[in-house]
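Coordinate inspection notes
Each chain, letter by letter, is given below.
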Amino acid sequence: MKKDKYWLMGPVYDALSWVFAGNAIYQCKCSMLNPPHLKAGDKVLFAGVGHGKEAIYAAERGAIVTVVDLSKAMLDKFREGVAKSGKTLDIRVVHSDIFKVEEFGQYDMVTGNFFLNLFPRAMIPDVLNHLIKLTRVGGSVVISDFALPQGNPLAKLFKNLYWYTAILIFWATTGAAIHPVYDYKQYMIDAGLDMKDEKHTPVLGVDAYTSFLGKRVA
Ligand SMILES: C[S@@+](CC[C@H](N)C(=O)[O-])C[C@H]1O[C@@H](n2cnc3c(N)ncnc32)[C@H](O)[C@@H]1O
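Read on for an overview of the structure.

Cut-offs used in this document
- Residues numbered from 1 in each chain as written.
- Predicted model: local features only at pLDDT ≥ 70, side-chain atom pairs only at ≥ 80, totals over all residues.
- Heavy atoms only, no water.
- Helix = DSSP H or I, 4+ residues; strand = E, 2+ residues; numbered from the N terminus.
- Contact = heavy atoms within 4.5 Å.
- Salt bridge = Lys/Arg side-chain N within 4 Å of Asp/Glu carboxyl O.
- Buried < 20%, exposed > 50% of the residue type's maximum accessible area, 1.4 Å probe, protein only.
- Near = heavy atom within 4 Å.
- Polar contact = N/O pair within 3.5 Å; in protein donor to acceptor, adjacent residues only side chain to side chain.
- Areas by Shrake-Rupley, 256 points an atom, 1.4 Å probe, with all protein chains shown as cover.
- Pairing = 2+ DSSP bridges.
- Axes fitted to C-alpha atoms, helices over the stretch in contact; angles between N-to-C directions.
- Core = buried A, V, L, I, M, F, W, Y, C linked by side-chain atoms within 4.5 Å.

Here we look at the side chain of Thr201
Relative to the elements of secondary structure, Thr201 occurs in strand β6 (residues 194-203). Each residue touching Thr201, except ones within four places of it in the same chain, is listed here: Ala24, Gln27, Cys28, Val206, Asp207, Ala208 and Tyr209.

In structure tokens:
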């Protein structure tokens, strides 16, 4: 396996996201993990799970959870979180590139949280299509990420500054691609998903994070 790009970020990722957003990122990632979208017994895959407290949240609510991540440093922190929960949870950990996971049509829900933003624009349709293929027909794809900079000029400026601060940190530490915030909803519509829900999570009164849920229809 190649060098772990998250060797530096891995141990501090969640602490950094706390400094950056308080509880807002966690709230955003959990916003679709409840009924009617997710029920006990549902199979959920978390692509690029990172520290994955939201995957633990889903498992604590009875979901059958698979987490996938390329980074051992991130998965070490994820395992620490599971151990800290002190519970026996139905969680399978897969240390792999998501593109090598070919359990097609097997999941009731597949999530990509703060995951698509790692990729250059040209790759987004491929990454999204792969997540869709892992989902059963009728199941849900959930994408949570930075909100598209919209609204009045001040709100737009705040959102752009917020995003570019984050992506520059990730570019410097992990080699992530630098780009504007992607229009995840439009990519999901273009990929043929039937959009069913969206949740907005504010920071300092500004809509900073969004979670979109679309159903696989074919
Ligand atoms: C920005 S972090 C987001 C982590 C987590 N989903 C969250 O929202 O806090 C992106 C994660 O995706 C993982 N990752 C990057 N490329 C991947 C790939 N091709 N397959 C699986 N995981 C990948 C990284 O190791 C990292 O843990």
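Looking at the pattern of salt bridges
Under the definition given, this model contains 13 salt bridges. Of the charged contacts, one joins Asp108 and Arg136 as a salt bridge, the two residues approaching to 2.6 Å between their closest N and O atoms. Of this pair, Asp108 sits in strand β4 (residues 107-113) while Arg136 sits in strand β5 (residues 135-146), and the two are 28 residues apart along the sequence. On the accessibility criterion, Asp108 (17% relative accessible area) is buried. Its salt-bridge partner being Lys159, residue Asp207 comes within 4.0 Å of it at the nearest N-O pair. Note that Asp207 is positioned in strand β7 (residues 206-215) and Lys159 in helix α6 (residues 153-174), a separation of 48 residues in sequence. Since its relative accessible area comes to 8%, Lys159 is described here as buried. Via salt bridges that share partners, Glu60, Arg61 and Lys87 belong to a single interconnected network.

Thoughts on unusual backbone geometry
Between Pro35 and the following residue, Pro36, the backbone shows a cis peptide bond with an omega angle of 10 degrees. If you trace the backbone, Pro36 turns up in the loop between α2 (24-30) and β1 (43-47). A positive phi angle, near 50 degrees, is found at Phe114, a position not held by glycine. Using a relative accessible area of 10% as the deciding quantity, one classes Phe114 as buried.

Quick look at the site of the ligand
By nearness alone, 17 residues border the ligand, and Lys29, Gly48, Asp69, Ile98 and Asn113 come closest of all. Taking Asn113, its main chain carries an N or O atom lying 2.8 Å from a nitrogen atom of the ligand. Out of a free accessible area of 590 Å², the ligand has 95% covered by protein chains.

Focus: the sheet that holds β5
Backbone hydrogen bonds are what pair the strands of a sheet, in a parallel or an antiparallel way. With mixed pairing, the seven strands of this open sheet are ordered in space as β3-β2-β1-β4-β5-β7-β6. Every interior strand has two partners, whereas the edge strands, β3 (91-95) and β6, have only one. Shown here is a sheet whose adjacent strand axes are inclined to one another by a mean of 15 degrees, direction ignored. Helix-sheet contacts for helix α3 (residues 53-60) involve β1, β2 (64-69), β3 and β4, and the interaxial angle to β2 is about 165 degrees. Across the sheet, helix α4 (residues 72-85) is in contact with β2 and β3; its angle to β3 comes to roughly 165 degrees.

Some words on the nonpolar core
In this structure, Leu45, Ile98, Leu116, Leu128, Ile143, Phe146 and Tyr209 are the most contacted members of the largest nonpolar core, which totals 45 residues. No other element matches helix α5 (residues 124-134), which puts six residues into this core. What Phe146 contacts, discounting residues up to four positions off in sequence, is Phe20, Phe114, Asn117, Tyr162, Trp163, Ala166, Val181, Tyr184, Ala208 and Tyr209. Of all hydrophobic cores here, the second largest spans 22 residues; its members include Cys30, Ala55, Tyr57 and Ala59.

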